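Breakdown of the fold
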Amino acid sequence: MDNLKDKVAVITGGNSGIGYATAKQLKEQGAQVIITGRRKEAIEKAAQELGVTAVTADQASVSDIENLVAKVKEDFGAVDILFINAGIAGLGTIEQTSEELYDSIMNVNLKGAYFTLSKFIPILKDGASVVFLSSNTASMPGPGSSVYSASKTALNSVMKSAALELAPRKIRVNSVSPGPTETEVMKKVGLDEATVNGIMDVVVEKVPLKQMGKSEDVAKMVAYVSSEAAKFITGSDFIMDGGMVLA
Ligand SMILES: NC(=O)c1ccc[n+]([C@@H]2O[C@H](COP(=O)([O-])OP(=O)(O)OC[C@H]3O[C@@H](n4cnc5c(N)ncnc54)[C@H](OP(=O)(O)O)[C@@H]3O)[C@@H](O)[C@H]2O)c1
């Protein structure tokens, strides 16, 4: 399991959930991994557990992204795998959504993801892999999550433009779009555990395979898309949602 041996991989938002699981997976496959997060203590704790490098950087801040790129360049030179994973959820109807909620989601999920790619391009190796963490909601927008869905739909559009712009350098750009996946993200929107569990029960009913996704499975997909086996894949979105998008 060392088919990513010595590859340099940057993962934004690596202190929990899918980012954490992917850092573990890429490290197991031999990569040198750098994880980022807003909260210094949380990101350093996660990095210590995983045996990877931590850099504190807020994806919503372009100057933090520039500092991250400078630090990675100084310490690692160039990047083989860029996994733009950090993202936040937020619920509310269009009528209820405040400007603050709109900006907070868009600034991390879209603007931050966009400028992470933009600023890393000069230090991506030719032949590198870029993966955006999108969502199945990009393909099936529903009520109550319009800003989140819009952020991920726009991300998929950026992914396709980037795949074309970077193809001359053989840099591949793809996205992975999970459905409901067991991570901490729902608890962070301010709901208590019982409410989260109630929502999850309703959601699982809508999944043809009748289960939640696992971070580890998303991590394996990111590793695959970034491996030699996927060298002819670019501009693709991989939906991992137990068939939910079809139902
Ligand atoms: N879980 C799902 O059901 C699901 C489904 C589809 C797509 N997704 C997407 O998957 C991605 C990962 O989410 P997750 O489910 O693994 O949730 P998670 O456990 O909350 O992980 C999100 C990670 O991103 C970090 N992060 C958030 N905002 C950041 C910022 N401004 N700058 C840097 N890091 C930031 C978080 O750090 P903090 O702990 O400091 O906030 C955390 O490490 C997100 O893009 C999410 O939209 C999740």
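All figures in this text were calculated on a predicted structure; none of them were measured in a lab. (Residues numbered from 1 in each chain as written. Predicted model: local features only at pLDDT ≥ 70, side-chain atom pairs only at ≥ 80, totals over all residues. Heavy atoms only, no water.)

1. So, the overall build of the protein chain
Counting secondary structure elements, the protein chain contains 7 helices and 9 strands. The C-alpha radius of gyration computed for the protein chain amounts to 17 Å, which stays within 12% of the reference 18 Å derived for 247 residues, consistent with globular compactness. Oriented by its inertia axes, the alpha-carbon framework of the protein chain measures out at about 45 × 35 × 35 Å. By the burial criterion, 47% of the 247 residues in the protein chain qualify as buried. Summarising the internal contacts of the protein chain: among those between residues at least 6 apart in sequence, 72% fall at separations of at least 24. A total of about 12000 Å² of accessible surface is found on the protein chain, and carbon and sulfur atoms cover 54% of it. Both charge centroids of the protein chain, one from 25 positive and one from 29 negative side chains, sit 6 Å from each other. (Helix = DSSP H or I, 4+ residues; strand = E, 2+ residues; numbered from the N terminus. Rg over C-alpha atoms; globule rule 2.2 N^0.38 Å. Buried < 20%, exposed > 50% of the residue type's maximum accessible area, 1.4 Å probe, protein only. Contact = heavy atoms within 4.5 Å. Areas by Shrake-Rupley, 256 points an atom, 1.4 Å probe, with all protein chains shown as cover. Lys, Arg positive; Asp, Glu negative; His and termini not counted. Charge placed at Lys NZ, Arg CZ, Asp CG, Glu CD.)

2. So, helix H7 (residues 215–225)
Considered for burial, the residues of H7 that qualify are Ser215, Val218, Ala219, Val222, Ala223 and Val225. Looking down the long axis of H7, one finds its buried residues gathered within 165° of arc, a one-sided arrangement. (Arc of directions from axis to C-beta.)

3. A closer look at the side chain of Ser61
Residue position: Ser61 is located in the loop between strand S3 (53–56) and helix H3 (62–76). In terms of polar contacts, Ser61 uses its side chain to reach the side chain of Ser63, at 3.3 Å. (Polar contact = N/O pair within 3.5 Å; in protein donor to acceptor, adjacent residues only side chain to side chain.)

4. Things to note about the packing of aromatic side chains
Using the criterion set out here, one finds 1 aromatic pair in the structure. With a centroid separation of 5.2 Å and an interplanar angle of 70°, the aromatic rings of Tyr114 and Phe115 are classed as edge-to-face. (Phe/Tyr/Trp six-rings, centres within 6.5 Å; stacked < 30°, edge-to-face > 60°.)

5. Regarding unusual backbone geometry
Positive phi, close to 65°, is recorded for Asp6, a residue that is not glycine. Structurally, the position occupied by Asp6 is in the segment before strand S1 (8–11). We note that Lys170 has phi near 60°; this positive angle belongs to a residue other than glycine. Note that Lys170 resides in the loop between helix H5 (146–166) and strand S6 (172–178).

6. What to know about the pairing of strand S5 (residues 124–133)
Most of S5 is tucked away, with 7 of its 10 residues classed as buried. Bridge count for strand S4 (residues 79–84) against S5 is 5 bridges, and the pairing is parallel. Directly across from Ile84, in S5, lies its bridge partner Phe132. A crossover connection joins S4 to the parallel S5 through helix H4 (residues 99–120); in handedness this β-α-β unit is right-handed. Pairing between S5 and S6: 5 bridges, direction parallel. Among the inter-strand pairings, Leu133 is bridged to a residue of S6, identified as Val176. (Pairing = 2+ DSSP bridges. Right-handed = clockwise from strand over helix to strand, strands pointing away.)

7. Description of the UniProt feature "domain: Ketoreductase" (unreviewed entry) in the protein chain
The feature "domain: Ketoreductase" (unreviewed entry), as annotated in UniProt, sits at residues 7–183 in this numbering. Taken end to end, residues 7–183 comprises 46% helix and 22% strand; its first and last C-alpha atoms sit 26 Å apart. (UniProt positions renumbered as here; feature names shortened; annotations may be inferred.)

8. Points about the sheet that holds S6
Taken in spatial order, the 7 strands line up as S3-S2-S1-S4-S5-S6-S9 in an open sheet, and their pairing is parallel. Because the sheet does not close on itself, it has two edges, and the strands there are S3 and strand S9 (237–240). The sheet shows a mean angle of 20° between the axes of neighbouring strands, taken without regard to direction. For S1 and S4, the ladder comprises 3 bridges, and the chain directions are parallel. Note on S4: the bridge partner recorded for Ile11 is Phe83. Packed onto the sheet, H4 meets S1, S4 and S5 and runs at close to 170° relative to S4. Sitting on the sheet, H7 touches S4, S5, S6 and S9, and the angle it makes with S6 is about 165°. (Axes fitted to C-alpha atoms, helices over the stretch in contact; angles between N-to-C directions.)

9. Section: the site of the ligand
Residues in close proximity to the ligand total 31 residues, the closest being Ser16, Arg38, Arg39, Tyr148 and Thr183. Here Asn15 contributes a side-chain N or O atom positioned 3.0 Å from an oxygen atom of the ligand. Within the backbone of Thr181, one N or O atom sits 2.8 Å away from an oxygen atom of the ligand. Protein chains bury 96% of the 880 Å² of accessible surface belonging to the ligand in isolation. Breaking the shell around the ligand down by element, the ones donating at least two residues are helix H1 (17–28) and H5. Grouping the constituent residues of the shell around the ligand by class yields 11 nonpolar, 14 polar and 6 charged. (Near = heavy atom within 4 Å. Nonpolar A, V, L, I, M, F, W, Y, C, P; charged D, E, K, R; others polar.)

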